[in-house]
Amino acid sequence: MSAPVQSRQRILDRIRTATLSVAKDASQLADVYAALPRDYIRRGKLSAEARLALMIERLREYDAEVVESTPAALPASIAARLALSGKHTFVVPHGLPAEWLAAGFDWKIDHELTTAEIEQAEGVVTAAFCGVADSGTIVLHHSPAEGRRVLTLLPDWHLCILRASQVVETLPEYFNRCQQPPALATYISGPSATADIEMTRIKGVHGPRFLHVILVRDQGARPTMN
Amino acid sequence: MRASLFITCYNDTLFPETGRAVVSLLEKLGVELDFHPKQTCCGQMHANTGFRGEAFSQAKRLVRLYQDAETVVVPSSSCVAMIRDQYPGLMDELGSDALRKDFAALLPRVYELSEFLIDRLGVEDVGAWFPHRVTYHASCHGVRALHLGDRPYRLLAKVRGLELATLPNVDRCCGFGGTFSVKNAEVSSAMLAVKLQDVVSTGAEYCTALDNSCLMHLGGAMHRQYAGMKTIHMAQILASTEASPAEANL
Amino acid sequence: MSHATSTHPVLDPLFAPPFPQAALPMLRNPQLRKNVGHAIDVIQAKRAKLVVEKTDWQQLRSTGSAIRAHALENLGAYLEEFETRCTAAGGTVHWAADAAEARQIILDLLRKENAGEVIKIKTMTSAEIQLNPFLQAAGVNVFETDLAEIILQLGEEEPSHIVVPALHINRSQVREIFARSMGLKDLSDDPHALTAAARTYLRQKFLTIPTAISGANFLIAETGGVAVVESEGNGRMCLTLPRTMITLAGIEKVVPRFQDLEVMLQVLARSATGERMNPYTSLWTGVTPGDGPQRFHVVLLDNGRSSILTRPKQRQTLKCIRCAACMNACPVYRQTGGHAYGSVYPGPIGAILTPQLMQMHHAQSLPFASSLCGACYEVCPVKINIPEVLLELRAQVVNQERSQFARFVDPMYLGLRIANLLFAKAWSFHAAQFMGRIGLRFFTRKDGWIHSLPSIGAKWTQTRDLRGLPSQTFHGWWAARGPKSSKEAK
């Protein structure tokens, strides 16, 4: 047996011996797991309105700027926000809806952009998968409309379009929405921060320092999972 | 109501006045107290220092001694915590089936003093008088092992003349920790220094607690430093009356 | 005082001085005690508010504890599941029985990549195996990217906390370190300026160094995924930009399902930094074409963990999710800081983990570095009963002593053995009390107090007086008063 295989076997043998009296066999494992106590809050109690209000409050607590819009007004809202930023060059995921690409800006669509090209952009615009109101968390699953991870990492300015139907109150409700676990995910709950020097909180070490959210009130629309 | 007093080895040796106060207090409240003359120690010092076999032999002895007692009262939260939290493990590991059964039967009958007063006797006002400014130190065992909660405060609130000063960082350990006070004497002293600052800052004349172990540590530093404060076990405050004030025993 | 520590701390349990000795210079360092106290107060205050707000906090702790305990009881099955899934997703899983093997595996991987440089996300596991000096000696330049780790690396310092490792270093010391190593003579000591300097220092490294090393907060068996929890964004940089990623993780990091993160993430951030959620959490599974590193390796580390699984009361040690809430709550840690523990894992968790990783051959003073106050257990998000484990380990250390020569000369050991004999019978106990009273009379002053004692007694009297033994014991008084009379009860 080669050394790597030996170590693997040695470690697994040690573990098996150590847990002999408690380990379950394959047939029982799932049942035992399913029987673990889960008495924590699995679903929120807030109304849809209150939930959205909480999401906005939490986002603003960490200095993200939030404006509301409707599906019909969305392209105009995006255009207005971009104009206000004073920025001109934006990277976007290749799956971003075309109608969001307001006229008068330099759009770099991510068809395998180089890192240098992304570095040169002044901002990025994406969709999102979910928002968790309890912690003001924006969840990205990096789908075609959300983009590769590097797109929301290098630019200093991020505009995120979040639909009201995507907002849940609690973290377990987000997990419940995942029909299957995502291969890639990024959970954003604030700009980058450090408190390593004398516990002084400093923002924006790496990653976008400016987060803007447009919350789209798509109240008629049903959420993808309940 | 009958109760058997387990005085604890260190109270017996170092703080007999606490025991006398417990007797005076409980007999005044109508408790028929007895005292098993063969009692020695609950084994906590040994258990906490890693001498489990030795601790077990003391635990076994204690269980045998009190197996017929109706109720056991202990004026020390750390000793009660030892019996509640560590005896089960010792019994499982080293005890016979018979001993385990006897212990299980005894356990619910063991009370720390404030638990006995409030839960068993159902009294908060024990008719005490102690006209001094007092601060209460919540011993770790009392807070986290016994979950005494507000029992001590309810008792102190009914003591006539007593002015209770809130202790900042009341839940923070004083640094005694049994043999820790000697094995890690310098760290223990650092923790003591910080705790003493909080205690003295209350402007109280007395610092009280339900454990003489903490009070021995705090009081020892107060005395060394001429801090202008003294320690006193809560039993002595509760037993203090106009006719028989606590100071006479200090 | 220009340097935080008067001697360079030894965080290797093989060589570190015993805790009581290691703690001394820390206790004499006012700046350290102030820094530690301040950091702890900040996090504790934030945590306390959020715990009150989270009405299901105790239920989350219960489930967190249950998930971790279940994962450990079935560790073999879950590790194999993780390996299968991670491999299917394009990752390569390596198994390292000990620190030396893990170091070599990582070095071999770097050599295959011709990597002369590597960027690192903070991982205490890599400090545990002393990876950096090993790689440096082999000619690989290691660049830490976490701000605290940069400070420690450039300042040649050691971590003193597992979440805020540089908390013992103040801003002027950071300024000095950065000015010297980054060549920034006019750098101010304002934390904003210092952080900006670090950001600039790192940017080019992130964009150009193609190989990264990370740790893992959680390994997900169900998917083969890895989760990394951070605040600064250097993690995202290292996880996204390089070509090759090597993740080092202790075998105990595995959780059964993706869904388990709904509990773990809620308790981790609140416990570690007093936030509802940390700024960035990254989750990735194997290799995703077009996004992130195309070569991904996981190095699973045993290094003594499997030996901790054996005993149920000790197995709970491995439930730890490295939040550091225990050390923030610890009144001992508050006064000594982390370096006194002689390990990269300090505080209450360090006191139980370090000696066990050493299979009780080293760091035997650590289980005694506690007053057993229980504050750590109260805050642990996965309910590790640290006092219970401390007591188990103390018993093991004493059992070792029982066969050593020291037992004949160690006054504490002798004293306790004798005390046990004396407690066995009332007459011997009473005789000892009597002898003690006589013996201590010599040391008792006129005011009835003892100011100074010899031998181990001196450890008490160096800072505390002791009231002299009263002339009558309680049992003596009880016997003397005869039949009960409430009038005489005084």
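Worth saying up front: this structure is predicted, and the values here are computed from it rather than measured.

Chemist: What's the story with the interface of chain B and chain C in this structure? I'm lost.
Modeler: Often, the extent of an interface is quoted as the loss of accessible area on bringing the components together. Residue-level contacts link 55 residues of chain B with 53 residues of chain C. Here the element with the most residues in the side of chain B that touches chain C is helix α11 (residues 185-201) of chain B; it accounts for 8 residues. Residues belonging to the side of chain B that touches chain C are distributed by class as follows: 23 nonpolar, 20 polar and 12 charged.

Chemist: Quick question: what am I supposed to make of the packing of helix α20 (residues 411-423) of chain C against helix α21 (residues 426-441) of chain C here?
Modeler: For any two helices packed against each other, the geometry comes down to the angle between their axes and how far apart the axes lie. All names here are of chain C. Look at α20 against α21: their axes get within 6 Å of each other, and the N-to-C directions meet at 125°. Taken together, the axis directions place α20 and α21 in an arrangement best described as oblique. Across the interface between the two elements, L421, L422 and F423 from α20 touch S428, F429 and A432 from α21. Of the residues that constitute the contact of α20 with α21, the class distribution is 5 nonpolar, 1 polar and no charged.

Chemist: Just checking my understanding: could you explain the environment of N212 of chain B for this structure?
Modeler: Residue and element names in this part refer to chain B. Along the chain, N212 falls in helix α12 (residues 212-224). Linking N212 and E124, residues 88 residues apart in sequence, is a C-alpha distance of 21 Å. Beyond its immediate sequence surroundings of up to four residues, N212 is in contact with Y10, N11, F15, T18, S76 and H233.

Chemist: Please explain the packing of helix α17 (residues 347-357) of chain C against helix α19 (residues 386-401) of chain C as it appears in this structure.
Modeler: Residue and element names in this part refer to chain C. The interhelical angle for the contact between α17 and α19, taken along N-to-C directions, is 40°, at an axis separation of 10 Å. Taken as axis vectors, α17 and α19 run oblique relative to one another. The crossing of α17 and α19 is left-handed. Mapping the contact onto sequence places P348, A351, I352 and P355 in α17 and I386, V389, L390 and L393 in α19. Across the contact of α17 with α19, the residue classes tally to 8 nonpolar, no polar and no charged.

Chemist: Can you help me understand the sheet that holds strand β6 (residues 163-165) of chain B in this one?
Modeler: Strand pairing within a sheet occurs via backbone hydrogen bonds; the two strands may be parallel or antiparallel. Residue and element names in this part refer to chain B. Taken in spatial order, the 4 strands make up an open sheet running β6-β5-β7-β8, and their pairing is parallel. Lying at the two open borders of the sheet, with one neighbouring strand each, are β6 and β8 (230-233). On average, each strand axis in the sheet is tilted by 35° relative to the strand beside it, whichever way the strands run. As defined by bridge partners, strand β5 (residues 133-136) adjoins β6 across 3 bridges and the pair is classed as parallel. Paired with V134 across the bridge in β6 is L164.

Chemist: Even after reading the chapter, I still don't get the confidence of the model for chain A, so can you show me in this structure?
Modeler: One rule of thumb: low pLDDT means the predicted coordinates there are not for detailed reading. Averaged over chain A, the pLDDT score is 93; the fraction of residues at 70 or greater is 96%. Low pLDDT (under 50) marks residues 221-226 of chain A, which in the prediction has 7 contacts with non-local residues, meaning those over four places away or in another chain.

Chemist: Help me understand unusual backbone geometry in this model?
Modeler: Outside of glycine, negative phi angles account for most residues, and trans bonds account for most peptide bonds. Residues and elements named next belong to chain C. Phi at Q130 takes a positive value of approximately 55°, unusual for a residue other than glycine. Considering the arrangement of structural elements, one finds Q130 in the loop between α6 (124-128) and α7 (131-137). Residue classification places Q130 among the partly exposed positions, given that 15 C-beta atoms sit within 10 Å. With a phi angle near 55°, K383 is a residue other than glycine that sits in the positive phi range. Assignment of secondary structure puts K383 in the loop between α18 (375-379) and α19.

Chemist: Would you mind going over the arrangement of the chains with me for this structure?
Modeler: By contact count, the leading pair among the 2 pairs of chains in contact is chains A and C. Note that chain A does not reach chain B: the shortest distance linking a C-alpha of one to a C-alpha of the other is 18 Å.

Chemist: I keep staring at the sheet that holds strand β9 (residues 280-285) of chain C and nothing clicks. Help me out?
Modeler: An order of β8(A)-β5(A)-β6(A)-β9(A)-β9(C)-β6(C)-β5(C)-β8(C) is seen for the 8 strands of this open sheet, with the pairing classed as mixed. Strands at the two margins of the open sheet, each flanked by one partner only, are β8 (167-168) of chain A together with β8 (254-255) of chain C. Looking at chain direction, strand β6 (residues 225-230) of chain C and β9 of chain C are connected through 6 bridges and run antiparallel. In the strand pairing of β9 of chain C, A227 of chain C is matched with L283 of chain C.

Chemist: Help me understand the interface of chain C and chain A in this model?
Modeler: In this complex, chain C contributes 72 residues to the contact, which on the side of chain A involves 60 residues. Ranked by residues supplied to the side of chain C that touches chain A, first place goes to helix α3 (residues 57-73) of chain C with 8 residues. Sheet topology places strand β9 (residues 184-188) of chain A next to β9 of chain C; 5 bridges connect them, and they run antiparallel. Its bridge partner lying in β9 of chain C, I188 of chain A is registered against Y280 of chain C.

Each value, and the rule that gives it
Residues numbered from 1 in each chain as written. Chains lettered and ligands numbered in written order. Predicted model: local features only at pLDDT ≥ 70, side-chain atom pairs only at ≥ 80, totals over all residues. Contact = placed C-beta atoms within 7 Å. Helix = DSSP H or I, 4+ residues; strand = E, 2+ residues; numbered from the N terminus. Nonpolar A, V, L, I, M, F, W, Y, C, P; charged D, E, K, R; others polar. Axes fitted to C-alpha atoms, helices over the stretch in contact; angles between N-to-C directions. Parallel < 35°, antiparallel > 145°, perpendicular 65-115°, else oblique. Left-handed = near helix turned anticlockwise from the far one by under 90°. Pairing = 2+ DSSP bridges. pLDDT = per-residue confidence, 0-100. Buried ≥ 20, exposed ≤ 12 C-beta atoms within 10 Å, placed from the backbone.

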